[in-house]
Amino acid sequence: MRRLTSMALLLTAASAALVAMTAAASAAPYAAIIAPARSAGLTDLGRVNAAQPITLSVVMRFRNDAQLDQFVDAVSDPSSPIFRHFLTNAQFRAAFAPSVQDQRHVAATLTRAGFSVSASPDGTILHAVAPAAVVERYFNTRIDAVRQAGAGGTRFANVAPAYVPEALGGAVRDVIGFDSLRGPTTDHILAQSDGLPDKLGPPLKGPHGGYGPFAIAQAYNYPIQHGFGGHGQAVAIAIDYDSSDADLAAFTAFFNINRSGKVVHVPVDGGQPYNPNAAIESTLDTETVGAMDPAADMYVYNFGAAFTWTEITDAYAKAVSDNLVEVVSSSFGLCENDVAQSVIDTITMITKEGAAEGISFVASTGDFGRGGKCSDGTGQDVPAVTRYFTSVGGVDPTIDTNGNLVSQREDQGSGGGPSDIFPIPHYQVGLPGVFSTTTRNIPDVSGPYFPDAFYINGSWGVIGGTSWAAPATSAFLGQVDQVEGSRIGFANPALYRTFKLHGYGIYTDIVSGNNGIACQTGYDDCSGIGSILGLQLAHKI
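Residues numbered from 1 in each chain as written. Predicted model: local features only at pLDDT ≥ 70, side-chain atom pairs only at ≥ 80, totals over all residues. Heavy atoms only, no water.

1. Looking at the environment of Val434
Argument step 1. Assignment of secondary structure puts Val434 in the loop between β21 (417-423) and β22 (439-442).
Argument step 2. Residue class for Val434 comes out buried when judged on its relative accessible area of 14%.
Argument step 3. A C-alpha to C-alpha distance of 24 Å links Val434 and Val72, two positions 362 residues apart in sequence.
Argument step 4. Residues contacting Val434, with those up to four places away along its chain left out, are Gln428, Asn441, Tyr523 and Asp525. (Helix = DSSP H or I, 4+ residues; strand = E, 2+ residues; numbered from the N terminus. Buried < 20%, exposed > 50% of the residue type's maximum accessible area, 1.4 Å probe, protein only. Contact = heavy atoms within 4.5 Å.)

Structure below.
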């Protein structure tokens, strides 16, 4: 991993000091308002038990946040002199992490109010636990027990706005956790098996017809086909249920893949153990990454099955503070218009820190076509649409028995389109083909959508969706890190720059398919730039 030079660090420190002085002069106490929880299909069951413990994530403000924005833009810009000169954890904490003084002040204030407080390693998030009555009183809100359609069990939600007291001053940016509602849902589709094993020579496919990892690696010329199997790299999966090492071993054995990388299972907020009836997504993700990056380590950050935004942001925060992986893959989402601004802000802060340290974030666009999971057909899914994620749509490839790509068509279920919320990023400004010239357009690229071979708990099947495309792209980025000899970090500026410079010599244009927006020549909100030509792109990115 490249590091900042002494001179660059000096310049960063000097600029940070200037920003800090400006911020100190203008800072003032404030009271932030957290909107009531929102979700379709809620049934209010009345006030929650006053003694029920509730855990809040109190998100601290970064020091020198404007300077951090400038640094991340520069370190991700191929034309910058500090391109990919990423920070270590220690360097980030020294320049940008919340001050120890602010952490102590907020922790002490919350403790006096009746909370039990603990801090994340970098102090960005304080976890504050207290009975519901204390939470209601301190944040001037009301929390009710609710039943959420499709979520199972009883959950809780703030049915009135919550207010961040002025006593916390300008040190706190957001507070999340006033509800335990299920947030996003996973992005995969299961297919019926045809029941007939495929006997076409080497195992290009699984027993029931889905493509195996080498079909994709060969068709898209992944670097693994040229000796880059992810050695020295690590890829993380963020998901609700844990995966099974036995399933992964059976899957890789069938395809004659020898894994040398380790698998590390990291429970977050208690985690959720492997359950074959509920671990479809984690199994798909780990089999994809584990087989396509056989030399890479894989970290499975499994959070609670409640699938709340608090659990998800805690998983992202732990992956960043651990700083053991080059890529974090996510295959779930929820419409941006149904996600609280405090959650979006928190995801953006965590992934911005990750970008400063060279961690790439990848997410699926969803399997509901244009508009993703947005009920009115506008807007896109979080986290894919957020600022520091590479969003991945999905193509249906046709691959011959020799592993050659014959054709590909963007699947009609592949999510994509313009955001309702996020402004257009600089790398999409002036790009021909974007649906919106003012807001972010997704996907950025497309990966394999359907059909994928799949093994879980003793049974083979066929699966697909952008939940396959996202980990397949994450596996590719892990290989790119090995090709480049360094982390690549936030990938989008480099992906778009290589497209503008080299066009379809390193990508394949997808001109067939319609997800609500027709695929056309060049960039479009149907397939993004298109699919990758693996090794060619890896040498240019």
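2. Things to note about the nonpolar core
Argument step 1. The biggest cluster of nonpolar side chains holds 111 residues, and the ones touching the most others in it are Tyr222, Tyr316, Val328 and Tyr507.
Argument step 2. For this core, the leading source of residues is helix α11 (residues 466-484), giving 9 residues.
Argument step 3. Here Tyr507 is in contact with Val445, Leu495, Thr498, Phe499, Ile529, Ser531, Ile532, Leu533 and Leu537, once residues within four sequence places are set aside.
Argument step 4. Formed by 27 residues, the second largest nonpolar core is a distinct cluster that contains Ile54, Val164, Val172 and Phe178. (Core = buried A, V, L, I, M, F, W, Y, C linked by side-chain atoms within 4.5 Å.)

3. Some words on the pairing of strand β17 (residues 360-364)
In regular strands, side chains alternate between the two faces of the sheet.
Argument step 1. Taken across its 5 residues, β17 has 5 buried, putting it largely inside the fold.
Argument step 2. Looking at chain direction, strand β15 (residues 327-330) and β17 are connected through 4 bridges and run parallel. Residue Val328 lies in a different strand from β17, and its bridge partner there is Phe361.
Argument step 3. Relative to strand β19 (residues 389-399), β17 is paired through 4 bridges, and the arrangement is parallel. (Pairing = 2+ DSSP bridges.)

4. Here's the deal with the state of the cysteines
Disulfide: a covalent bond connecting the sulfur atoms of a pair of cysteines.
Argument step 1. Scanning the model with the defined rule gives 2 disulfides in all.
Argument step 2. Sulfur-sulfur distance for the disulfide between Cys519 and Cys526 comes to 2.0 Å. Disulfide Cys519 to Cys526: torsion about the S-S bond roughly -65 degrees, handedness left-handed. (Disulfide = S-S within 2.5 Å.)

5. Digging into the sheet that holds strand β4 (residues 116-119)
Argument step 1. Here we have 4 strands laid out as an open sheet, ordered β4-β5-β3-β9, and antiparallel in their pairing. The open sheet terminates on both sides in strands that have one partner only, identified here as β4 and β9 (172-176). Ignoring strand direction, the axes of neighbouring strands in this sheet form an average angle of 25 degrees.
Argument step 2. Taken together, the 4 bridges between strand β3 (residues 53-60) and β9 define a ladder with antiparallel strand orientation. Opposite Met60, over in β9, you have Val172 as the bridge partner. (Axes fitted to C-alpha atoms, helices over the stretch in contact; angles between N-to-C directions.)

6. Brief notes about the side chain of Asp187
Argument step 1. Inspection of the secondary structure assignment puts Asp187 in the loop between β10 (185-186) and β11 (189-191).
Argument step 2. What makes Asp187 buried here is its relative accessible area of 0%.
Argument step 3. Not counting residues within four places of it along the chain, the set of residues in contact with Asp187 comprises Glu281, Ser331, Phe332, Gly333, Ser364, Gly366, Asp367, Lys373, Gly464, Gly465, Thr466 and Ser467.

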